[in-house]
Amino acid sequence: MSIPQTAKQWTVTGTSGFDDLKFHEAPVPELGDSQVLVKLHAASLNFRDLIIPQGKYPFATKKNPIPGSDGAGEVIAVGKHVDRFQVGDKVVTVFSQGHIGGELDAQGARTGLGGALDGTLRTVGAFDQQGLVHMPKGLNYLEAASLPCAAVTAWNALYGLQGRALKPGQWVLTQGTGGVSIFALQFAKAAGARVVATTSSSEKAKLLEKLGADHIINYKENPEWGAEARKLTGGEGVDHVIEVAGPTSMKQSLNSVKIEGVITIIGFVGGAVKGDKEPGFLDCLNHLCTTRGLLVGSRLQMEDMNRAIEANLDKLRPVVDGKVFKLDQLKEAYEYQWSGKHQGKVCIQIS
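Rules behind the numbers
- Residues numbered from 1 in each chain as written.
- Predicted model: local features only at pLDDT ≥ 70, side-chain atom pairs only at ≥ 80, totals over all residues.
- Heavy atoms only, no water.
- Helix = DSSP H or I, 4+ residues; strand = E, 2+ residues; numbered from the N terminus.
- Rg over C-alpha atoms; globule rule 2.2 N^0.38 Å.
- Buried < 20%, exposed > 50% of the residue type's maximum accessible area, 1.4 Å probe, protein only.
- Contact = heavy atoms within 4.5 Å.
- Areas by Shrake-Rupley, 256 points an atom, 1.4 Å probe, with all protein chains shown as cover.
- Core = buried A, V, L, I, M, F, W, Y, C linked by side-chain atoms within 4.5 Å.
- Pairing = 2+ DSSP bridges.
- Axes fitted to C-alpha atoms, helices over the stretch in contact; angles between N-to-C directions.
- Salt bridge = Lys/Arg side-chain N within 4 Å of Asp/Glu carboxyl O.
- Patch = residues over 30% accessible without salt bridge, like charges linked within 9 Å, V, L, I, M, F, W, Y side chains within 5 Å.
- Expected span 1.5 Å × (residues − 1).
- Parallel < 35°, antiparallel > 145°, perpendicular 65-115°, else oblique.
- Nonpolar A, V, L, I, M, F, W, Y, C, P; charged D, E, K, R; others polar.
- Phe/Tyr/Trp six-rings, centres within 6.5 Å; stacked < 30°, edge-to-face > 60°.

Per an unreviewed UniProt entry, the protein chain goes by the name Alcohol dehydrogenase and belongs to Emericellopsis cladophorae.

Caption draft 1: Quick peek at the overall build of the protein chain. Counting its secondary structure elements, the protein chain contains twelve helices and 15 strands. What you see for the protein chain is a C-alpha radius of gyration of 20 Å, in line with the 20 Å of a compact globule of 351 residues. C-alpha extents for the protein chain along the principal axes are approximately 60 × 40 × 40 Å. A burial count over the protein chain gives 53% of its 351 residues as buried. Taking as baseline every contact in the protein chain between residues at least 6 positions apart, the subset at least 24 positions apart corresponds to 71%. Within the structure as shown, the protein chain displays about 15,400 Å² of accessible surface, and the carbon and sulfur contribution to it stands at 50%.

Caption draft 2: Structural view of the nonpolar core. If you look at the biggest cluster of nonpolar residues, it comprises 78 residues, and the most contacted ones within it are F187, M305 and I348. Here this core takes nine residues from helix 4 (residues 147-159), the largest share from any one element. The contacts of I348, once residues within four sequence positions are left out, are H41, A42, A43, L45, L121, L142, F325, K326, L327, L330 and A333.

Caption draft 3: Geometry of the sheet that holds strand 13 (residues 290-293). Read across the open sheet, the six strands follow the order 10-9-8-11-12-13; overall the sheet is parallel. Where the open sheet ends on each side, the last strands, each with one partner, are strand 10 (215-218) and strand 13. With direction set aside, neighbouring strand axes in the sheet form an average angle of 20°. By the bridge criterion, five bridges tie strand 11 (residues 238-243) to strand 12 (residues 257-265) in an arrangement that is parallel. Across the sheet, I242 pairs through a bridge with T264, a residue of strand 12. Relative to strand 11, helix 4 is tilted by about 150°, and along the sheet it contacts strand 8 (171-175), strand 11, strand 12 and strand 13.

Caption draft 4: A look at unusual backbone geometry. Non-glycine residue N64 carries a positive phi angle of around 50°. On the secondary structure map, N64 appears in the loop between helix 1 (47-51) and strand 4 (70-78). Although it is not a glycine, V296 adopts a positive phi angle of roughly 55°. Among the secondary structure elements, V296 is positioned in the loop between strand 13 and helix 10 (299-311).

Caption draft 5: Representation of the pattern of salt bridges. Throughout the structure, instances matching the rule amount to eleven salt bridges. Note that K189 is salt-bridged to D214, the shortest N-O span being 2.9 Å. A residue pair is termed long-range when its members are at least 10 positions apart, and K189 in helix 5 (residues 179-190) and D214 in the loop between helix 6 (202-210) and strand 10 qualify at 25 residues. Judged by its relative accessible area of 36%, D214 is partly exposed. Measuring nitrogen to oxygen at the nearest pair gives 2.5 Å for the salt bridge that ties R307 to D304. Taken together, the residues R307 and D304, both in helix 10 and three residues apart, mark about one turn of the helix. For D304, a relative accessible area of 38% translates into the label partly exposed. Each member of the salt-bridge network shares a partner with another, and the members are R84, R299 and E303.

Caption draft 6: Up close: a nonpolar patch on the surface. Nonpolar side chains collect at one region of the surface, where I259, L282, L285 and L288 lie side by side and expose about 430 Å² of accessible area between them. Its place among the elements puts I259 in strand 12.

Caption draft 7: Focus on helix 10. In this model helix 10 runs 19 Å from its N-terminal to its C-terminal C-alpha over 13 residues, within 8% of the 18 Å that 1.5 Å per residue would give. Among all positions of helix 10, only R299, Q301, M302, E303, M305, N306, A308 and I309 are buried. Residues of helix 10 that are buried make contact with strand 5 (90-93), strand 7 (132-134), helix 4, helix 5 and helix 11 (313-316).

Caption draft 8: Representation of the packing of helix 4 against helix 10. Contact geometry for helix 4 and helix 10: axes closest at 10 Å, N-to-C directions at 90°. The angle between helix 4 and helix 10 places the two elements in the roughly perpendicular class. Across from L147, P148, A151, V152, W155 and N156 in helix 4, the residues of helix 10 making contact are Q301, M302, D304, M305, N306, A308 and I309. The residue makeup of the contact of helix 4 with helix 10, split by class, is nine nonpolar, three polar and one charged.

Caption draft 9: A look at the packing of aromatic side chains. With the rule as written, the count across this model stands at nine aromatic pairs. Their ring planes at 5° and their centres at 6.0 Å tell us that F47 and W338 sit as a pair that is stacked. Of this pair, F47 sits in helix 1 while W338 is found in helix 12 (residues 330-339), placing the two residues 291 residues apart along the sequence. Residue classification places F47 among the partly exposed positions, given a relative accessible area of 23%. Where W155 meets Y159, the ring centres are 4.7 Å apart and the plane angle is 40°; that geometry is what we call tilted.

Rendered as structure tokens:
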């Protein structure tokens, strides 16, 4: 298979906004002994990608990184010590390249693609063989590219806390129609759980209903949706809250959760709040719940998740937004996701 000498790629050159995204051509990196050269066919976006060029990402990033943690493609060359892949294999990137299994440590947290390490928004990239997994059979490149961040995050939220993994019949609360929330809804329903989903519009509610949400609450029409969610469970509260909005919704999440329930904090797409409107540590005590922050998940968790997807394609096929962008349209893709109009994953067709 011919190996290109140059790659088209984006870089984040500053922190003043999306105009700091620059598209250019660069030499294909020299392949290390334990690296795999991948021709990338597709990528997908996450909220993290949007806030790095705005200087709002809370973790360290390298100077002028190639953005994007999520990518799927084909192996076109391997280093002499590579034993996990061969030329022609279809692969998907792992978000934290150094988090193979077990608990995340400080070193693993510094290996995120598209931030600490160069990412996937390029035509060709070299990745450590430990930072790739085989692409699930039955998915296309766009669908597979949606998995590394959002899907693994949702899987970790539901199954990653020892002794508190999701069980059939339990209640899960999801927020909106972004990637993590949609995957959490799909995983929960496939596991026999019941889902209360919040949304802001009747149009987005149709997708949630199609995916099997048991109850849907419009949070604009019912700002006290936490109490409503608790009522729907018979007054007990939900077992798992997938908290993606952050400070703006934490009060309602606490109102919805049951005693000994788990709130997993994924991000802060809802922005910030002022003063005493944001709950504090004592609120976790007052509601007798566990509040957990996480950074995606490990490669082993991703491999477990991929096996589940392969075995349940009818229920777990990734939801890709109907508007797909080309690589040179990345800024437009960022603006589209920032607008909140998307349903499911916003994807980039690379080749």
